[in-house]
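Now for the letters of each chain:
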Amino acid sequence: MTDTAIFDRITFIGIGLIGSSMARVIKRDGLANHITVTTRSQETLDNAIELGLCDTGTLDMAEAVQGADLVMICTPMGAFASIGAEIAGSLKPGAIISDVGSVKEPVFETLAPALPDHVHLVPGHPVAGTEQSGPESGFPELFEGRWTILTPAKGVDANATARVEELWKRCGAMVEIMDAKHHDQVLAITSHLPHLIAYTIVGTATDLGEDMQKEVIQFSASGFRDFTRIAASDPTMWRDIFLTNRDAVLDVLGRFDEDLTELKRAIRRGDGDALFDHFTRTRAIRRSVIDAGQQIPPAPANDTD
Ligand code: NAP
């Protein structure tokens, strides 16, 4: 292995925005001696090869993971169960299996049961992204200064977790270890609910009459514009997020509903003090987000994670 390599062989299953961004850093900085890529379609595989994201590529998933020290699954989460079944018999003893899925508890229900005992599962989620998809949309700076959350089960080989952590740190990320269920509850409020609101608002605007729609687009100030960017996020990925994190999303949605009702009541009653107090409180939260260094410039490294 070279001095800089953390793994000898890494296999990417799925090479879209997230996988290709990781592969770009790994190639650039020599973090692996060999990268193999496997995807669903020949077109994406050809793209990945043309972009120089891998040393070898194949559509055969089982063949792709043979001899891999790290298998990084970067597909929508709806594919995890079938991927587990397909690769289980070809994984080498001691291999580390990780992923980048946006919801973490389901990984233990879909992927984990298919895996043999002789591998180490270290699920992860980079809290970074854009609304773009595909291998051409990735860029190596995507994870810089952003969090990656790892959710290994209790008792998982500490060395396996440490190596995945090291990889993310070398990709520029800050790493936090968290319980999977807790991760899903936190992300339900910080990411999943805001996306649901964006999908709703943009859907409502789309349903307005044609003239009104024109004006909505013509006069869209940054508020609505930001919502349209979020609502342009990949439909497959977000369908899978809401299906897999159903309970946590429904829980925060219930609380959101109550707060919205309170604001509605304040508007109806002309209760300016209640509105002012609420907006003052939320303004302070914005300040703490900026202080935590999580405010990032808009495109391309914008947030749809
Ligand atoms: P993407 O750009 O759409 O790429 C998806 C990749 O997965 C493609 O290579 C695709 O192959 C492959 N794939 C799709 N369905 C598959 C299936 N059924 N079986 C095998 N391969 C399949 O997706 P992405 O944005 O990188 O997201 C990947 C994962 O990262 C998701 O689980 C998502 O939750 C997570 N994530 C995304 C973001 C974000 O902002 N995008 C942020 C954090 C985490 P083909 O092109 O050949 O079909």
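As the structure is a prediction and not an experimental result, all values here were calculated from the model.

S.K.: Lay out a negative patch on the surface with the relevant residues and their values.
M.R.: A surface patch of negative charge is lined by Glu43, Asp46, Glu50 and Glu136. Secondary-structure assignment places aspartate 46 in helix H2 (residues 42-50).

S.K.: Lay out helix H4 (residues 80-87) with the relevant residues and their values.
M.R.: Burial in H4 covers these residues: Phe80, Ile83, Gly84 and Ile87. The buried residues of H4 occupy an angular sector of 100° when projected down its axis, which confines them to one face. Elements that come into contact with the buried residues of H4 comprise strand E1 (7-13), helix H3 (61-65), strand E4 (70-73), strand E5 (96-99) and helix H5 (105-110).

S.K.: Explain the domain arrangement of the protein residue by residue, including any values.
M.R.: Taken domain by domain, the protein holds domain 1 (7-178) and domain 2 (183-291). Measuring from the centre of the C-alpha atoms in domain 1 to the corresponding centre in domain 2 gives 31 Å. The interface of domain 1 with domain 2 comprises 14 residues on the first partner and 14 residues on the second. Buried surface at the junction of domain 1 and domain 2, summed over both partners, amounts to about 1,200 Å²; 66% is from carbon and sulfur atoms. Interface area lost by domain 1 to domain 2 is led by Ser102, Val103 and Glu131, which between them contribute 41%. Scanning the region where domain 1 abuts domain 2 turns up one salt bridge. On inspection of domain 1 and its partner domain 2, the count reaches four residue pairs in polar contact (both at pLDDT 80 or more).

Cut-offs applied
Residues numbered from 1 in each chain as written. Predicted model: local features only at pLDDT ≥ 70, side-chain atom pairs only at ≥ 80, totals over all residues. Heavy atoms only, no water. Patch = residues over 30% accessible without salt bridge, like charges linked within 9 Å, V, L, I, M, F, W, Y side chains within 5 Å. Areas by Shrake-Rupley, 256 points an atom, 1.4 Å probe, with all protein chains shown as cover. Salt bridge = Lys/Arg side-chain N within 4 Å of Asp/Glu carboxyl O. Lys, Arg positive; Asp, Glu negative; His and termini not counted. Charge placed at Lys NZ, Arg CZ, Asp CG, Glu CD. Helix = DSSP H or I, 4+ residues; strand = E, 2+ residues; numbered from the N terminus. Buried < 20%, exposed > 50% of the residue type's maximum accessible area, 1.4 Å probe, protein only. Arc of directions from axis to C-beta. Contact = heavy atoms within 4.5 Å. Domains from an automatic or database assignment. Buried area = accessible area lost by both parts, 1.4 Å probe. Polar contact = N/O pair within 3.5 Å; in protein donor to acceptor, adjacent residues only side chain to side chain.

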